[in-house]
Amino acid sequence: MGRVFIVDLEGQVYSCKHCNTHLTKEQDIMSKSFQGRYGQAYLFNNVVNISIGDEEDRMLITGLHTVTDIFCVGCGSNVGWKYVTAHNINQKYKEGKSVLELYKIVGPYDCNDLVCQEISRLEIE
């Protein structure tokens, strides 16, 4: 096994909540309307500092997809999955894209987006 090199991102960054390894940038968000196993998730165009698991077919909300789990290279935590193949032609845009589950990451303002939204809502009231 070789040495793991960590990519440091600049700007508005999403990181692993366990070890703060950078995973992606806010500008790489393609959609905020995804559902993960444990709640809300975002679809990202580009994710770094990950390793991938074995490919497997999964029946998801939008149909059958071949996916691979993705893991933070800093600590090994499962942070989401990557679409390898979409079997429905309407879902082909997902191929090569990654889904990160919000409860497994920290947003660009040093807190989970859902937490920041709730705090903002309470401050307005």
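Residues numbered from 1 in each chain as written. Predicted model: local features only at pLDDT ≥ 70, side-chain atom pairs only at ≥ 80, totals over all residues. Heavy atoms only, no water.

Looking up the chain in an unreviewed UniProt entry gives the name Protein yippee-like, with the organism given as Brassica carinata.

1. Quick notes on the sheet that holds strand β1 (residues 13-16)
With antiparallel pairing, three strands are arranged side by side in an open sheet as β2-β1-β9. For this open sheet the edge positions go to β2 (22-25) and β9 (105-106), each flanked by a neighbour on one side alone. Looking at chain direction, β1 and β2 are connected through three bridges and run antiparallel. Each bridged residue has a counterpart across the sheet, and for Val13 the counterpart in β2 is Lys25. (Pairing = 2+ DSSP bridges. Helix = DSSP H or I, 4+ residues; strand = E, 2+ residues; numbered from the N terminus.)

2. A short note on the environment of Gly96
Among the secondary structure elements, Gly96 is positioned in the loop between β7 (78-86) and β8 (98-101). For Gly96, a relative accessible area of 35% translates into the label partly exposed. Along the sequence, Gly96 and Phe44 sit 52 residues apart, while their C-alpha atoms lie 9.6 Å from each other. Not counting the four nearest positions on each side in its chain, Gly96 is found in contact with Asn45, Lys82 and Tyr83. (Buried < 20%, exposed > 50% of the residue type's maximum accessible area, 1.4 Å probe, protein only. Contact = heavy atoms within 4.5 Å.)

3. Let's talk about the sheet that holds β8
Reading across the sheet, the six strands line up as β3-β4-β8-β7-β6-β5 and stay open at both edges, with antiparallel pairing between neighbours. Each edge of the sheet is formed by a strand with only one pairing partner; in this case those strands are β3 (29-36) and β5 (50-60). Neighbouring strand axes in the sheet, compared pairwise and without regard to direction, differ in orientation by 30° on average. By the bridge criterion, nine bridges tie β5 to strand β6 (residues 63-72) in an arrangement that is antiparallel. Across the sheet, Ile50 pairs through a bridge with Cys72, a residue of β6. (Axes fitted to C-alpha atoms, helices over the stretch in contact; angles between N-to-C directions.)

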